[in-house]
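# A closer look at the structure
Below are the chains, spelled out letter by letter.
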Amino acid sequence: MNVDPVTGTYSGNRGLQVEEPLIFEQGEEGRCGVDLPEPAKVASRLGNLARRKPVGLPGLSEPQVVRHYTRLSQKNYAIDTGLYPLGSCTMKHNPRLNEKMVRLQGLADLHPLQPVSTVQGALELIDQLAHWLKTLTGMPAVAMSPGAGAHGELCGIMAIRAALEHRGDARKRILVPESAHGTNPATAAACGYEVDPIPANAKGRVDLEAFRAKLGPDVAGIMITNPNTCGLFEPDIVEIAEAIHGAGGFFYCDGANFNAIVGRVRPGDLGIDCMHINLHKTFSTPHGGGGPGAGPVVLSEALAPFAPVPWVVHGAKGFDLVEQDPKKQAFGRLKGFHGQMGMFVRALAYMMSHGSDGLKQVAEDAVLNANYILASLKDDMSPAFPGTCMHEALFDDHFLKDTGVTTLDFAKALIDEGYHPMTMYFPLVVHGALLVEPTETESKDSLDRFIEVLRSLARRAKSGDAAYFEAAPKLTPRRRLDETAAARKPVLRWVPGSNTAKAAE
Amino acid sequence: MRYLPLTPADRQSMLARIGVRSMDDLYRDVPPKARRDKPVDLPSHQGELEVERAIGALAAKNLGTAKAPSFLGAGAYRHHVPAAVDHLIQRGEFLTSYTPYQPEVTQGTLEYLFEFQTQVALLTGMEVANASMYDGGTACAEAVMMANRVTRRSKAVLSGALHPHYAEITRTHAHFLGFKVEQPPADPEGKEDLARLVDADTSCVVVQNPNVFGHIQDLSGLAEACHKAGALLVVAVTEVVSLGAIEPPGAMGADIVVAEGQALGNSLGFGGPYVGLFATREKFLRQMPGRLVGETKDVDGRRGWVLTLSTREQHIRREKATSNICTNSGLCALAFTIHLTLLGEAGFQRLAALNHAAACMLADKLATLPGVSVLTRSFFNEFTVKLPKPAGPVVEALAKRGILGGVPASRLWPNEKALENLLLVAATETNTGADMDALAAALKEVLA
């Protein structure tokens, strides 16, 4: 064995930081991690289409598998291990009660196509969750099936287009502010619309005059995130709603940031027509490496008839599922079966745990924590906009001017301090953006430590130690990775003989 | 409110640091008519025990497949998931991690997604796969949209034996994007000829294998016809375990393969969340939707992984993005990949053989019942039987006897009178001989 040039060890390991080869590099033919009985001898009915070649899967025992994935898990940052201040992603504590509830027999083991008489409790659960969502938003209807936030956006825009088609109105344009999530314009395009951007004003809000100038008889609607991606509430939202309605269009509100106002503001009172709710962000669900999510969409009376199937309804004989709209107004189906039931259970458990009093406190603490960070760092870092914020504190890169340290370098240095970086370079309307979302589940002590680290790093950057930042991170399982090479010549799967890592001995 | 760490004293000192008097000052941008001082009309917070009781009571009102002999399939399958799978996905470092935007501290997620992509490519017989999508049905619609981009054509031909949900989702997108969909009626006999519908406008043909009625088909001829006409062949697989027993779509000439991965590692969960698999040929890579993990090196020259080719995605291309999807089914993909790793080559093939054997035995048992005939000649773990009366009420009557006897075709095609007597029946390794006897006996009684 040769000494590893980086660590100086033979294995390449550094203490508890272990090099873990791919499963394909450690398997052995014939080994298996499950004991399955011998299949009964039957005459095959595979119609001469039995698989001819092996799949090529490796063989590992259960202990090897457990060790492999445990070791992989240890190379991950997680909300369970520390503050995860990713703005616009909302990483809050994930209550384990939710996990216990979703695994209950009678919920986890239900088949989506069982007779509805055998799933009355499940339909009641969906109905209860729908009631919470409608009450919290002040909206009369909700479409439950979208599988993620972006899927909910699609659902909302499709409902708008279906309503317009129903009245014979073939409008072409959707207005989308520059500060919107990238999914907003992508969604409008995926629904067959032209995307027309609205600039942000100097205060990081929608430019009301620019918006009014864009209104016309071919505008189908507007998509606004509120609170917006700069972490700010849109104070002109009622005027925007009235103007878009006056022009015959609809108001789509991106509800990704509903966690800042839940229990405190009902979006229905602002005049919106539809809004998706990221159950995983506002009501907590495990993100598990980025998904799954769930994105139910609350709808106004005008849009409700167009909601995609299936619908849960309550009649004389109990709950029922409408899987085909008898009036044929539903714009179709957006997802297999009835939506993300697993997320519904978690969201309801979370809502019941907090209650209406606790949910209001959730929003307030999320906003308080973000403002505490903003106020504490305003002299060392550069807030993008003056004044207070909602649940996200947005900084730009002015404080790094002439230091030679980029936003990226600054974020990477934070990793060596044991923190996951905040969101970088988003929103696009701010130069070198750093978007911090602490969420309501961080304590004051935790925030104070984080603030102290950020302050120290900002001062170090200003002291002219750019080389330190450029070299960061140094203490991670891997240091900066070459993303350009990855994209130029993509290697997206393992192929036999490609092992460039040290094989496990 | 056990999830909130701030004390009233904390809040006061924090407001002071911010320089405001009260929380209301932080909400002053909200128009006055929309500000609410009192909580909305919903119950107050409850303790852990109370929540457990309430949700437990809802669960108790259902008849779960763990308690009743169950033969339900049609796109969702009950399999035994080894205990290690759920244990590992519940490790906090997996469960509570986010999209791997910072590769230096997310190598765990990136490495398992790279393994997942490799496994999916191997299973489907394709060259590349993405890191998962919402579910099989949405992946199917995305495949058609991708075929439209690749061929610059705008007509999709769907098999009549494609799962109706997959077809409905595709039609929804077709309506709003303005592409055409052609689909012959459902054909439970497995005799449809799709090649004759392929013309110069056709971007793709979408066919399910085994199809929704259970038939296994040789797709080589159809692939050839598609390619000759410049169209792509999209193959949907709703039961991924079948790929352990039958020729993979890639070996039959498929250009895009989509599948529902729920059957490995994931519970039935009343329909979601599931895990959509998506694989294609390398030459179409840059048109493939969804998240991708690629191999690279760090500054020390060590192998590592990153999210890659994100220039196709919404956060860079915005309205020109390949699709609006910005997430994947990360945790479900993790469950899938752990289960498949535990199985390995030997276990996966044996699991498939157990499923096939169970279905063969059940088909033989049901075929002996008076008035019942098995329509599907070649199948994997699911087949269609014709009953002497409408299947919907029969399934209800079986449920009253505590047996979940299959999916009546009328549940999927409520308006097709011709399919009314058909019942889709699935058997997996979880079904015992006693389960099968119970179904046969109950069915005999109900049909008598």
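Reading the values: rules and limits
- Residues numbered from 1 in each chain as written.
- Chains lettered and ligands numbered in written order.
- Predicted model: local features only at pLDDT ≥ 70, side-chain atom pairs only at ≥ 80, totals over all residues.
- Heavy atoms only, no water.
- Helix = DSSP H or I, 4+ residues; strand = E, 2+ residues; numbered from the N terminus.
- Rg over C-alpha atoms; globule rule 2.2 N^0.38 Å.
- Buried < 20%, exposed > 50% of the residue type's maximum accessible area, 1.4 Å probe, protein only.
- Contact = heavy atoms within 4.5 Å.
- Areas by Shrake-Rupley, 256 points an atom, 1.4 Å probe, with all protein chains shown as cover.
- Domains from an automatic or database assignment.
- Buried area = accessible area lost by both parts, 1.4 Å probe.
- Salt bridge = Lys/Arg side-chain N within 4 Å of Asp/Glu carboxyl O.
- Polar contact = N/O pair within 3.5 Å; in protein donor to acceptor, adjacent residues only side chain to side chain.
- Nonpolar A, V, L, I, M, F, W, Y, C, P; charged D, E, K, R; others polar.
- UniProt positions renumbered as here; feature names shortened; annotations may be inferred.
- Pairing = 2+ DSSP bridges.
- Axes fitted to C-alpha atoms, helices over the stretch in contact; angles between N-to-C directions.
- Parallel < 35°, antiparallel > 145°, perpendicular 65-115°, else oblique.
- Left-handed = near helix turned anticlockwise from the far one by under 90°.
- pLDDT = per-residue confidence, 0-100.
- Phe/Tyr/Trp six-rings, centres within 6.5 Å; stacked < 30°, edge-to-face > 60°.
- Patch = residues over 30% accessible without salt bridge, like charges linked within 9 Å, V, L, I, M, F, W, Y side chains within 5 Å.
- Core = buried A, V, L, I, M, F, W, Y, C linked by side-chain atoms within 4.5 Å.

Next up on the list: the overall build of chain B. When helices and strands are tallied, chain B shows 14 helices and 13 strands. Whereas a compact globule of 448 residues would reach a radius of gyration of roughly 22 Å, chain B reaches 25 Å, a difference of no more than 12%. Taken along the three principal axes of its C-alpha coordinates, chain B extends 80 × 55 × 50 Å. The buried share of chain B, taken over its 448 residues, is 67%. Contacts in chain B between residues far apart in sequence, at least 24 positions, make up 71% of those at least 6 positions apart. With an accessible surface of roughly 14,400 Å², chain B has 51% of that area assigned to carbon and sulfur atoms.

Residues and elements named next belong to chain B. Its domain assignment divides chain B into domain 1 (84-339) and domain 2 (345-447). With 22 residues of domain 1 at the contact, the number on the domain 2 side is 20 residues. At the boundary of domain 1 with domain 2, total buried surface from both sides reaches about 1,800 Å², with 69% on carbon and sulfur atoms. Inspection of the domain 1/domain 2 interface yields zero salt bridges. Inspection of the domain 1/domain 2 interface yields four residue pairs in polar contact (both at pLDDT 80 or more).

One widely used convention gives an interface's size as the accessible area the parts lose upon coming together. If you look at the interface, chain B gives 190 residues, while chain A gives 210 residues. A buried area of about 17,700 Å², summed over both sides, lies between chain B and chain A, and 62% of it is on carbon and sulfur atoms. Looking at the side of chain B facing chain A, the largest losses of area belong to Tyr3(B), Phe176(B) and Phe270(B), adding up to 6% of the total buried there. Where chain B touches chain A, the interface holds 17 salt bridges. One salt bridge connects Arg205(A) with Asp29(B), and the closest N-O pair in it is separated by 2.4 Å. Linking chain B with chain A are 104 residue pairs in polar contact (both at pLDDT 80 or more), by the criterion used here. Examining the composition of the side of chain B that touches chain A, we find that 25 residues originate from one element, helix H11 (residues 330-367) of chain B, more than from any other. Looking at the side of chain B that touches chain A, its residues break down into 92 nonpolar, 55 polar and 43 charged.

The final tally for this structure, using the stated rule, is 47 salt bridges over all chains. Two residues, Glu323(A) and Arg411(B), come together in a salt bridge whose shortest N-O distance is 2.7 Å. In this pair, Glu323(A) sits in the loop between strand E9 (318-322) and helix H9 (341-377) while Arg411(B) sits in helix H13 (residues 409-412), so the two residues belong to two different chains. Neither Glu323(A) nor Arg411(B) differs from the other in exposure class; each is buried.

The subject of this paragraph is the domain arrangement of chain A. Residues and elements named next belong to chain A. We note that the domain assignment places domain 1 (98-352) and domain 2 (364-487) within chain A. Between domain 1 and domain 2, the C-alpha centre-to-centre distance is 31 Å. Domain 1 puts 21 residues into the contact, and the matching count from domain 2 is 15 residues. Summed over both partners, the interface of domain 1 with domain 2 buries about 1,300 Å², with 62% contributed by carbon and sulfur atoms.

In the numbering adopted here, UniProt assigns the feature "domain: Glycine cleavage system P-protein N-terminal" (unreviewed entry) to residues 1-441 of chain B. With 37% helix and 13% strand, the stretch residues 1-441 of chain B has end C-alpha atoms that lie 53 Å from each other.

Within this structure's numbering, the places UniProt gives as "domain: Aminotransferase class V" (unreviewed entry) are residues 158-288 of chain A. In residues 158-288 of chain A, helix accounts for 29% and strand for 19%; the two terminal C-alpha atoms are 29 Å from one another.

To continue, consider the UniProt feature "domain: Glycine dehydrogenase C-terminal" (unreviewed entry) in chain A. Residues annotated in UniProt with the feature "domain: Glycine dehydrogenase C-terminal" (unreviewed entry) correspond here to residues 364-461 of chain A. With 43% helix and 11% strand, the stretch residues 364-461 of chain A has end C-alpha atoms that lie 33 Å from each other.

All right, on to the sheet that holds strand E11 (residues 393-396) of chain A then. All names here are of chain A. The antiparallel open sheet is built from four strands, whose spatial order is E10-E11-E13-E12. Two strands close off the open sheet at either side, each with one partner strand: strand E10 (382-383) and strand E12 (423-424). As judged from the two bridges shared by E12 and strand E13 (residues 434-436), these two strands associate in the antiparallel manner. For Met 424, the partnering residue across the bridge sits in E13 and is Leu 434. Here H9 sits on the sheet and contacts E10, E11 and E13; the angle it forms with E11, its principal contact strand, is near 30°.

All names here are of chain B. Running from N to C, helix H7 (residues 136-151) and helix H8 (residues 164-177) cross one another at 40°; their axes reach a closest spacing of 8 Å. By the angle between their axes, H7 is oblique relative to H8. For the crossing formed where H7 meets H8, the hand is right-handed. In this structure, H7 uses Gly 136, Gly 137, Thr 138, Cys 140, Ala 141, Val 144 and Met 145 to contact H8, whose residues at the interface are Tyr 166, Ile 169, Thr 170, His 173 and Leu 177. Here the residues of the contact of H7 with H8 are counted per class, giving seven nonpolar, five polar and no charged.

With that out of the way, let us pick up unusual backbone geometry. All names here are of chain A. Across the junction of Gly 291 and Pro 292, the peptide omega takes the value 0°, indicating a cis bond. Within the secondary structure, Pro 292 is located in the loop between helix H8 (279-282) and strand E7 (297-299). For the bond from Val 309 to Pro 310, the omega torsion is 0°, close enough to zero to count as cis. Relative to the helices and strands, Pro 310 resides in the loop between E7 and strand E8 (311-315). Of note in the backbone geometry, Asp 402 takes a positive phi value of approximately 65° without being a glycine. With respect to the secondary-structure elements, Asp 402 resides in the loop between E11 and helix H10 (407-416). Its relative accessible area of 74% is what places Asp 402 among the exposed residues. Even without being glycine, Thr 439 reaches a positive phi, approximately 70°. In this structure, Thr 439 sits in the loop between E13 and helix H11 (444-462). On the accessibility criterion, Thr 439 (1% relative accessible area) is buried.

Atom-level detail of predicted coordinates should not be read off regions where pLDDT is low. Averaged over chain A, the pLDDT score is 95; the fraction of residues at 70 or greater is 99%. Low pLDDT (under 50) marks residues 500-505 of chain A, which in the prediction has ten contacts with non-local residues, meaning those over four places away or in another chain.

All names here are of chain B. Reading across from one edge, E1-E7-E6-E5-E4-E2-E3 is the order of the seven strands in this open sheet, with mixed pairing throughout. Looking at the sheet topology across the chains shown, the edges are occupied by strand E1 (128-129) and strand E3 (180-182). Strands in contact with helix H9 (residues 220-228) are strand E4 (202-208) and strand E5 (232-237); relative to E5, the strand with the most contacts, it is inclined by about 145°.

For the rest of this paragraph, the subject is the packing of aromatic side chains. Following the criterion strictly, the structure yields 16 aromatic pairs over all chains and no others. Their ring planes at 10° and their centres at 5.2 Å tell us that Phe24(A) and Trp494(A) sit as a pair that is stacked. Residue Phe24(A) is located in the segment before helix H1 (62-73), and its partner Trp494(A) is located in the segment after helix H13 (483-488); the two are separated by 470 residues in the primary sequence. Classification of Trp494(A) by relative accessible area gives buried; the value is 13%. With a centroid separation of 5.7 Å and 80° between ring planes, the pair formed by Phe331(A) and Phe176(B) is classed as edge-to-face.

What follows deals with a nonpolar patch on the surface. The grouping of Met1(A), Val3(A) and Tyr10(A) at the surface amounts to a nonpolar patch, some 350 Å² of accessible area in total. Considering the arrangement of structural elements, one finds Val3(A) in the segment before H1.

Moving on: the nonpolar core. Grouped together as the largest cluster of nonpolar side chains are 138 residues, with contacts concentrated most on Leu133(A), Leu136(A), Phe211(A), Phe251(A), Leu279(A), Phe283(A) and Phe410(A). When residues in this core are grouped by element, the largest group, 21 residues, is from H9(A). Residues within four places of Phe211(A) in sequence aside, it is in contact with Leu175(A), Ile198(A), Val206(A), Ile222(A), Ile240(A), Ala243(A) and Ile244(A). Val120(B), Leu123(B), Met126(B) and Val157(B) belong to the second-largest nonpolar core, a separate cluster that totals 78 residues.

Okay, the side chain of Ser242(B) next. All names here are of chain B. With respect to the secondary-structure elements, Ser 242 resides in the loop between E5 and strand E6 (256-260). We classify Ser 242 as buried; its relative accessible area is 0%. A distance of 2.7 Å separates a polar atom in the side chain of Ser 242 from the backbone oxygen of Glu 239. Sequence-distant contacts of Ser 242, defined by excluding residues within four places in its chain, comprise Pro 210, Val 237 and Phe 380.

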